[in-house]
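Analysis of the macromolecular model
Below, each chain spelled out in residue letters.
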Amino acid sequence: LIVTPALIWLLERFAGPVRTAPGLKPGPHAALRAAAPYAAVVCVYALLRILLLPGPEFDIRPPGMTPARHVLSQGLTALAAIPALVAQSVWPARLSVDYVIPRVQGWQDPRLLLAGALAAALVAAARRWARPVPVAALGLIWAAVAALPTLRWMPLAGTYEMAERYLYLPLMGVAMTFAALLARTQTGSRRRAATALAAALALAFGIRTYARGFDW
């Protein structure tokens, strides 16, 4: 309900109105209108789930922590998980069934500074590539929009600060950016080097994915 409309709007923003269904004329927000039936199904499912299943419960608060501070601490911890998500996407050397992100105790936590630096770098790169390589900028924004709702902003029981499955959709944006920049390499030597790098990454990540499958 949150991510899909935002991603469709981004596609329209960068690529213009597109025809997404037979008989649907291109026009403003045509893709959103085409996605409306799917959104209705999701809303019905969400309503049935709320009516038939127990609602979410909050985690047990640490001793001496007020409810407001408990929620604020969890929100800051969600921000602190951003560097771990980026590191896991770039170098998935250590994988786990249950990732633990230590709780943030204050604004001085260096992970918050690193998360801010990463966000600033993403914005700067997206602005830099918006005109010469729009697909690269779209990929970066796609990754951020798809990743933010997966962060554990509220201290709800049964949710996780970080999980590998949360990266499926954001990594599509990263792949778009990488492919767009690869396509920009025109000269023969640079293009061969970039193609070799892409092949090496695909092989390495493919082997890691295959090995990871045995854990499940």
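From a predicted model like this one, the values you see are computed outputs, not experimental measurements.

**Observations regarding the overall build of the protein**
- Regarding its fold elements, the protein presents seven helices and zero strands.
- Tracing the protein from N to C terminus, the helices and strands come up as α-α-α-α-α-α-α.
- Looking at the protein as a whole, 28% of its 216 residues are labelled buried.
- Intrachain contacts of the protein at a sequence separation of at least 6 include 67% that bridge at least 24 residues.
- For the protein, the exposed area adds up to about 14400 Å²; of that, 71% sits on carbon and sulfur atoms.

**Details of the packing of helix 5 (residues 134–147) against helix 6 (residues 168–184)**
- At a minimum axis separation of 7 Å, helix 5 and helix 6 run at an interaxial angle of 170°. By the angle between their axes, helix 5 is roughly antiparallel relative to helix 6. In this structure, helix 5 meets helix 6 at a crossing whose hand is left-handed. Residues V135, A136, L138, G139, L140, W142, A143, A146 and A147 of helix 5 form the contact with helix 6, whose participating residues are L169, P170, M172, G173, V174, M176, T177, A180 and L181.
- Partitioned by chemical class, the residues of the contact of helix 5 with helix 6 number 15 nonpolar, three polar and no charged.

**Quick look at the environment of A194**
- Structurally, the position occupied by A194 is in helix 7 (residues 188–213).
- The spacing of A194 and A183 is eleven residues in sequence and 9.1 Å in space, taken between C-alpha atoms.
- Excluding residues that lie within four positions of it along the chain, A194 makes contacts with L182 and T185.

**Let's talk about the confidence of the model for the protein**
- Averaged over all residues, the pLDDT of the protein is 81; the fraction at 70 or higher stands at 84%.
- For the protein, per-element mean pLDDT is lowest for helix 1 (residues 3–15), which scores 70, and highest for helix 4 (residues 110–129), which scores 93.

**Here we look at helix 5**
- Along its 14 residues, helix 5 runs 20 Å from first to last C-alpha, staying within 8% of the 20 Å computed at 1.5 Å per residue.
- When we look at burial in helix 5, the residues that qualify are A136, A137, L138, G139, L140, W142, A143, A146 and A147.

**Some points on the nonpolar core**
- Among the nonpolar cores identified, the biggest contains eight residues, and these are A78, A81, L85, Y99, I101, L151, M162 and L167.
- Setting aside residues up to four positions removed in sequence, Y99 forms contacts with Q88, R94, M162, A163, E164 and R212.
- Formed by six residues, the second largest nonpolar core is a distinct cluster that contains V3, L7, L138 and A146.

**A closer look at a nonpolar patch on the surface**
- A contiguous nonpolar patch, built from V44, L47, L48, L51, L52 and L53 and spanning about 630 Å² of accessible area, is present on the exposed surface.
- Within the fold, L52 resides in helix 2 (residues 30–52).
- Taking the relative accessible area as the measure of exposure, L52 reaches 69% and is therefore exposed.

**Remarks on the environment of A143**
- Along the chain, A143 falls in helix 5.
- A relative accessible area of 13% means that A143 is categorised as buried.
- Linking A143 and L7, residues 136 residues apart in sequence, is a C-alpha distance of 9.6 Å.
- With residues near it in sequence (within four places) discarded, A143 still touches P170, G173 and V174.

**Some words on the packing of helix 4 against helix 5**
- As a packed pair, helix 4 and helix 5 sit with axes 7 Å apart at the nearest point and diverge in direction by 150°. Accordingly, the angle class assigned to the pair helix 4 and helix 5 is roughly antiparallel. You can see that helix 4 and helix 5 cross each other, and the crossing is left-handed. Of helix 5, the residues touching helix 4 (which contributes L122, A125, A126 and W129) are P134, A136, A137, L140, I141 and A144.
- Partitioned by chemical class, the residues of the contact of helix 4 with helix 5 number ten nonpolar, no polar and no charged.

Conventions we followed
- Every chain's residues receive numbers from 1 upward, in the order its sequence appears when written.
- Where local features are concerned, this predicted model is filtered to residues with pLDDT of at least 70; where side-chain atom pairs are given and counted, the filter is 80 or more; whole-chain, interface and lining totals use all residues.
- Here the side-chain values reflect all heavy atoms present in the structure, with hydrogen atoms and water set aside.
- To qualify as a helix, a DSSP run of H or I must reach at least 4 residues; to qualify as a strand, a run of E must reach at least 2; elements of each kind are numbered from the N terminus.
- Only protein chains enter the calculation, and the probe is 1.4 Å; a residue is then buried if its accessible area is under 20% of its type maximum, exposed if over 50%, and partly exposed in between.
- By definition in these notes, contact holds between two residues if any of their heavy atoms fall within 4.5 Å.
- Exposure was quantified through the Shrake-Rupley algorithm and a 1.4 Å probe, taking into account, for residues, occlusion by the shown protein chains and nothing else.
- Under this scheme, a helix contributes an axis fitted over its contacting stretch, all axes are lines through C-alpha atoms, and angles between N-to-C directions fall in the 0 to 180 degree range.
- Any angle from 65 to 115 degrees is called roughly perpendicular, while one under 35 is roughly parallel, one over 145 is roughly antiparallel, and all others are oblique.
- When the near helix sits turned anticlockwise from the far one by under a right angle, the crossing is termed left-handed; a clockwise turn instead gives a right-handed crossing.
- Only Asp, Glu, Lys and Arg are considered charged, only Ala, Val, Leu, Ile, Met, Phe, Trp, Tyr, Cys and Pro nonpolar, and every remaining residue, Gly among them, polar.
- The quantity called pLDDT is the predictor's confidence in a given residue, expressed from 0 to 100.
- In this analysis, the expected span of each helix is defined as 1.5 Å times one less than the number of residues it contains.
- Only buried residues count toward a nonpolar core, which is a set of Ala, Val, Leu, Ile, Met, Phe, Trp, Tyr and Cys residues joined through side-chain atoms within 4.5 Å.
- Any residue with relative accessible area above 30% and no salt bridge may belong to a patch, with like charges joined within 9 Å and the nonpolar Val, Leu, Ile, Met, Phe, Trp and Tyr side chains within 5 Å.
- Counted as salt bridges are all cases of a side-chain nitrogen of Lys or Arg within 4 Å of a carboxyl oxygen of Asp or Glu.

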